[in-house]
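# A look at the structure
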Amino acid sequence: KEIKLFCPATIANLSCGFDVLGLCLDNAGDEMIVRKSDQKGVRITKIIGADLPLETEKNVSGVAALAMLETLEELDFGFEIEIYKNIKAGSGIGSSAASSAGAVFGINELLGRPFSRKDLVQFAMQGEKLASGNAHADNVAPALLGGFTLVRSYSPLDIIRIDSPEELFATVVHPQIELKTSDARSVLKQNVSLKSAIMQWGNVGGLVAGLYTKDYDLIGRSLHDEIVEPLRSVLIPGFDLIKQTALENGALGSGISGSGPSIFALSRGEETANRIAKAMSDVYEKMNLPYEIHVSKIN
Ligand code: HSE
């Protein structure tokens, strides 16, 4: 018995929601096959498209799967995982999250769904811990639940799925450099001023309210990051120009995707999202910088 999965890419943070907000892209992601096997435990049998470890304990899929199986009574069978990577490591669109979420989702299906999708988040987070040293859930939650998600609390874990308007699209450009999440986290300050915090939580509330009420202007006004973007944007080639170009071409807002270097823009309607993609491409063409670009509906 086996299951073939699409493991979606995700955009975490969404400017104001560092470590708490994320969304799922519907046409960018990896594929995975999870198969029941007579041999107990979890084995990664194939990885195509990336140079990643096959050892279960060193692979994010393996670690997430083991975290899940540890909570169950011992099984007299095991699982094999084949991973077909399209999302590049260190791209900022949830490469490790896609693999962690895929493994626990696939095994849960083959076991007859002992866990809800929300329950699976805690296991997939262990893969994120292996990848970046920090068990953040803002990529794995949207990868598992789809659409927009909010991590209302980490302890206890409380994941909320947020309704969003039909016509929201994301444009994501990936300048072809690798930025490790652990490095992008090391530039952050451990304390924020009350003034910055007030702006940030005002925007998080505004963004969530805008998504629920389908108020595109409010979504746009709220896509602002007072705390993290100023420290990280210097690590990303052409960041200011790409962001400005996105806004000039009709984006509701734009910012760093996850921990970068990808840059996202949200827009109303596919036409605007495609126009932004063209304009962003022009910027990197002129800079002679290799890049990849996606336009995706948010589901
Ligand atoms: N919230 C995490 C960070 C996401 O920005 O470090 C990493 O993809």
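Residues numbered from 1 in each chain as written. Predicted model: local features only at pLDDT ≥ 70, side-chain atom pairs only at ≥ 80, totals over all residues.

### Here we look at the site of the ligand
- The immediate surroundings of the ligand are formed by Ala12, Asn13, Phe18, Asp19, His136, Asp138, Asn139, Thr181, Ala184, Arg185, Gly258 and Ser259.
- No other element matches helix H5 (residues 181-186), which puts three residues into the shell around the ligand.
- When grouped by side-chain class, the residues that make up the shell around the ligand number three nonpolar, six polar and three charged. (Near = placed C-beta within 6 Å. Helix = DSSP H or I, 4+ residues; strand = E, 2+ residues; numbered from the N terminus. Nonpolar A, V, L, I, M, F, W, Y, C, P; charged D, E, K, R; others polar.)

### Concerning the sheet that holds strand E9 (residues 263-268)
- Within the open sheet, the four strands sit side by side as E8-E9-E7-E10. Their pairing is antiparallel. Where the open sheet ends on each side, the last strands, each with one partner, are strand E8 (253-256) and strand E10 (291-297). Strand-to-strand twist of the sheet, defined as the mean angle between neighbouring strand axes without regard to direction, takes the value 15°.
- Summarising the sheet, strand E7 (residues 168-175) and E10 pair through seven bridges and their orientation is antiparallel. Its bridge partner being in E10, threonine 171 is matched across the sheet by valine 295.
- In this fold helix H9 (residues 239-248) packs onto E7, E8 and E9, with an angle of close to 5° to the strand it touches most, E9. (Pairing = 2+ DSSP bridges. Axes fitted to C-alpha atoms, helices over the stretch in contact; angles between N-to-C directions. Contact = placed C-beta atoms within 7 Å.)

### Some words on the UniProt feature "domain: GHMP kinase N-terminal" (unreviewed entry) in the chain
- Under the feature "domain: GHMP kinase N-terminal" (unreviewed entry), the UniProt entry names residues 67-147.
- Strand forms 9% of residues 67-147 and helix 51%; the C-alpha atoms that close the span are 25 Å apart. (UniProt positions renumbered as here; feature names shortened; annotations may be inferred.)

### Quick word on the UniProt feature "domain: GHMP kinase C-terminal" (unreviewed entry) in the chain
- Following the UniProt record, the feature "domain: GHMP kinase C-terminal" (unreviewed entry) maps to residues 208-285 here.
- As a span, residues 208-285 carries 54% helix and 13% strand, and end to end its C-alpha atoms are 35 Å apart.

### Some remarks on the pairing of strand E6 (residues 157-162)
- When strand E5 (residues 148-154) meets E6, the two strands line up antiparallel, connected through six bridges. Residue pairing across strands places tyrosine 154 opposite leucine 157, the latter belonging to E6.

### Quick notes on the nonpolar core
- Of all hydrophobic cores here, the largest spans 85 residues; its most connected members are Ala64, Ala101, Val104, Ala124, Val140 and Leu144.
- In this structure, valine 104 is in contact with Ala64, Ala65, Met68, Leu120, Phe123 and Ala124, ignoring residues within four places of it in sequence. (Core = buried A, V, L, I, M, F, W, Y, C linked by C-beta atoms within 7 Å. Buried ≥ 20, exposed ≤ 12 C-beta atoms within 10 Å, placed from the backbone.)

### Description of the packing of helix H1 (residues 60-69) against helix H2 (residues 95-110)
- Direction vectors running N to C along H1 and H2 enclose 40°, while the axes themselves pass 8 Å from each other. Viewed along their axes, H1 and H2 adopt a mutual orientation that is oblique. Once H1 is placed against H2, the crossing between them reads as right-handed. Contacts between H1 and H2 involve Val60, Ser61, Ala64, Ala65 and Met68 from the first element and Ser96, Ser99, Ser100, Gly102, Ala103, Val104 and Ile107 from the second.
- The residue makeup of the contact of H1 with H2, split by class, is seven nonpolar, five polar and no charged. (Parallel < 35°, antiparallel > 145°, perpendicular 65-115°, else oblique. Left-handed = near helix turned anticlockwise from the far one by under 90°.)

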